[in-house]
Amino acid sequence: TMFSLSLAAVMKVAPAHVPLPSQSLWSATSSAEAEPLTQRGLRFAREQYLPLACFQMALVRGTADIVCQSHQLLPLNTAHVVAMAASGAVISGAGGALWL
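Residues numbered from 1 in each chain as written. Predicted model: local features only at pLDDT ≥ 70, side-chain atom pairs only at ≥ 80, totals over all residues. Heavy atoms only, no water.

S.K.: Just to check I follow, could you spell out the overall build of the protein for this structure?
M.R.: Counting its secondary structure elements, the protein contains four helices and zero strands. Summarising the internal contacts of the protein: among those between residues at least 6 apart in sequence, 58% fall at separations of at least 24. Within the structure as shown, the protein displays about 7600 Å² of accessible surface, and the carbon and sulfur contribution to it stands at 71%. (Helix = DSSP H or I, 4+ residues; strand = E, 2+ residues; numbered from the N terminus. Contact = heavy atoms within 4.5 Å. Areas by Shrake-Rupley, 256 points an atom, 1.4 Å probe, with all protein chains shown as cover.)

S.K.: Before we go on, may I ask you to explain the pattern of salt bridges in this structure?
M.R.: It is possible for side chains bearing opposite charge to pair when their charged atoms get close. Scanning the model with the defined rule gives one salt bridge in all. Here arginine 43 ties to glutamate 47 by a salt bridge, and the two come within 3.9 Å at their closest N and O atoms. Taken together, the residues arginine 43 and glutamate 47, both in helix α2 (residues 37-47) and four residues apart, mark about one turn of the helix. The exposure class of arginine 43 is buried, given its relative accessible area of 8%. (Salt bridge = Lys/Arg side-chain N within 4 Å of Asp/Glu carboxyl O. Buried < 20%, exposed > 50% of the residue type's maximum accessible area, 1.4 Å probe, protein only.)

S.K.: Looking at this structure, how should I read a nonpolar patch on the surface?
M.R.: Nonpolar side chains collect at one region of the surface, where Tyr49, Trp99 and Leu100 lie side by side and expose about 460 Å² of accessible area between them. Within the fold, tryptophan 99 resides in helix α4 (residues 78-99). Its relative accessible area of 76% is what places tryptophan 99 among the exposed residues. (Patch = residues over 30% accessible without salt bridge, like charges linked within 9 Å, V, L, I, M, F, W, Y side chains within 5 Å.)

S.K.: Please clarify how the side chain of glutamine 69 should be interpreted in this entry.
M.R.: With respect to the helices, strands and loops of the structure, glutamine 69 is situated in helix α3 (residues 49-71). Setting aside chain neighbours within four positions, we find glutamine 69 in contact with Leu74, Pro75, Leu76, Asn77, His80 and Val81.

S.K.: Would you mind going over α3 with me for this structure?
M.R.: For the α-helix, the turn length of 3.6 residues means that residues three or four positions removed from each other point alike. With 23 residues, α3 extends 33 Å between its outermost C-alpha atoms, agreeing within 8% with the 33 Å of an ideal straight helix rising 1.5 Å per residue. Buried-residue contacts for α3 involve α4. Positive backbone phi, at 55°, marks leucine 73, one or two positions downstream of α3. (Expected span 1.5 Å × (residues − 1).)

See the structure below:
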C-alpha cells in the first residue's frame, strides 16, 4: 500500500538523517580535553536524534496519560499508560523524527 513502510526504506533514509557517533560521549578525557556538559548534550542530541525523539515522546505521552487518568479519580491503568507511551515513541517519536 501507499503508506506501508518497510525496514529497507527506513535504512535507506536513516543514514542521511542519523549520523553515526564520532566518539564515546562518556569516555574519560583529561581536563584540558574535557568538553563542557552542555556541548556533550548538544552533540548527543544531534548524533542520537531518533532514539532521543522516541524517548522524549514516550515520556510526554505516558505522563500525559497518567495526568488524565488521575483527573478521572479512577485507579491508574498501567497497561493503558504503557500503550500510550509506546504509541508516542513509535508514532510521534520515530514517525516525526523521520518525517522532519
